[in-house]
Amino acid sequence: MAEEASFRDAVASVPGLSGASESAAADQQPKKFPKGVVLGKDGKPCRSCTSFASWAAQTKKDVSTGSRAVSTTATAVASGPPADCPPDVETLGRSTWTLLHSIAASYPELPSQGQKSDLLSFVGLFSKLYPCWVCAEDFQGYMARQKPQVNSRDEFSQWLCRAHNDVNRKLGKPEFDCSKWDERWRTGWKDGRCD
Ligand SMILES: Cc1cc2nc3c(=O)[nH]c(=O)nc-3n(C[C@H](O)[C@H](O)[C@H](O)COP(=O)(O)OP(=O)(O)OC[C@H]3O[C@@H](n4cnc5c(N)ncnc54)[C@H](O)[C@@H]3O)c2cc1C
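Residues numbered from 1 in each chain as written. Predicted model: local features only at pLDDT ≥ 70, side-chain atom pairs only at ≥ 80, totals over all residues. Heavy atoms only, no water.

**Student:** What's the story with the packing of aromatic side chains in this structure? I'm lost.
**Tutor:** Ring pairs (aromatic) are described by centroid distance and by the angle formed between their planes. Overall, the coordinates contain seven aromatic pairs when judged by the stated rule. Geometrically, the ring pair formed by Phe139 and Trp159 is edge-to-face, given 6.2 Å between the ring centres and 65° between the ring planes. Here the residue Phe139 occupies a position in helix H7 (residues 133-145), and Trp159 occupies one in helix H8 (residues 153-171), the gap between them amounting to 20 residues. For the pair shown, Phe139 and Trp159 are each scored as buried. Among the residues examined, Trp159 registers a relative accessible area of 1% and is labelled buried. One residue, Arg184, lies across the ring of Trp185, its end atom 3.8 Å from the ring centre. (Phe/Tyr/Trp six-rings, centres within 6.5 Å; stacked < 30°, edge-to-face > 60°. Helix = DSSP H or I, 4+ residues; strand = E, 2+ residues; numbered from the N terminus. Buried < 20%, exposed > 50% of the residue type's maximum accessible area, 1.4 Å probe, protein only. Lys NZ or Arg CZ within 6 Å of the ring centre and 35° of its normal.)

Here it is, written out as structure tokens:
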């Protein structure tokens, strides 16, 4: 049987959840969900805020077959949701970082005032609209502490790399060497593996 946790536990299990959100969450009616399931502000499980493993535990589906009430397999859970299913927090995150770093890679070396203004608007709106709300709130917090730098491609790509590393640290993932940003996201690695 899946391990159960209260509403507060489920929300508090998300690294970096802000105090304001946590106290708002605590005001809600307690419900039982498996540990790791993050609730949306509507009090329902938020799929794009939750890992597939926790989501599968909550729906009690066999993720390899899609049928109900069959035990999950570790391999299927670890590989994330099937490609044609709604994304979990990791699939969404991976795709989003790809988009954000690719936007940085195509940003001009010498942007016009209009391009700078567009990029600032984009990251501001992005941070409000990102479907994982706990991720979005943390990203807004990062942007408040470290203002987006948009004066050139290099400046923005380094700012974005540091922002991504801030999330990596929070999740216990290794930090990326930002001096390698250009090879990872724009030119391809010097060893030719991307050619
Ligand atoms: C704005 C935002 C906030 C998020 N907040 C949360 C959160 O609060 N909780 C949560 O569980 N998940 C969060 N995520 C998702 C999380 O960051 C990861 O995307 C997810 O865990 C999948 O991680 P991954 O190991 O596949 O690699 P990802 O972190 O998705 O990275 C993809 C690839 O980018 C490269 N890379 C890694 N770090 C950097 C860097 N610093 N600069 C440039 N390239 C890099 C690597 O090649 C890596 O394989 C967030 C995602 C975004 C976009």
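And the narrative resumes.
**Student:** When you look at the site of the ligand in this model, what are you seeing that I'm missing?
**Tutor:** By nearness alone, 22 residues border the ligand, and Arg94, Cys161, His164, Lys170 and Arg184 come closest of all. At 3.0 Å from a nitrogen atom of the ligand is found a side-chain nitrogen or oxygen belonging to Asn165. Note that an oxygen atom of the ligand is positioned 2.5 Å from one of the side-chain N or O atoms of Lys170. Alone, the ligand offers 950 Å² of accessible surface; in the complex the protein occludes 85% of this. Counting only elements with at least two residues in the shell around the ligand, the list comes to helix H5 (89-106), H7, H8 and helix H9 (181-187). Classifying every residue of the shell around the ligand by side-chain character gives eleven nonpolar, six polar and five charged. (Near = heavy atom within 4 Å. Polar contact = N/O pair within 3.5 Å; in protein donor to acceptor, adjacent residues only side chain to side chain. Areas by Shrake-Rupley, 256 points an atom, 1.4 Å probe, with all protein chains shown as cover. Nonpolar A, V, L, I, M, F, W, Y, C, P; charged D, E, K, R; others polar.)

**Student:** How should the nonpolar core be read in this particular structure?
**Tutor:** Within soluble globular proteins, side chains that are nonpolar generally end up buried alongside one another. If you look at the biggest cluster of nonpolar residues, it comprises 29 residues, and the most contacted ones within it are Phe139, Phe156, Trp159 and Leu160. Of all elements in the fold, only H5, helix H6 (113-129), H7, H8 and H9 reach the threshold of two or more residues within this core. In terms of residue count, H7 provides more of this core than any other element does, six residues in total. Contact partners of Phe139, with chain neighbours within four places excluded, come to Trp97, Phe126, Ser127, Trp159 and Ala163. (Core = buried A, V, L, I, M, F, W, Y, C linked by side-chain atoms within 4.5 Å. Contact = heavy atoms within 4.5 Å.)

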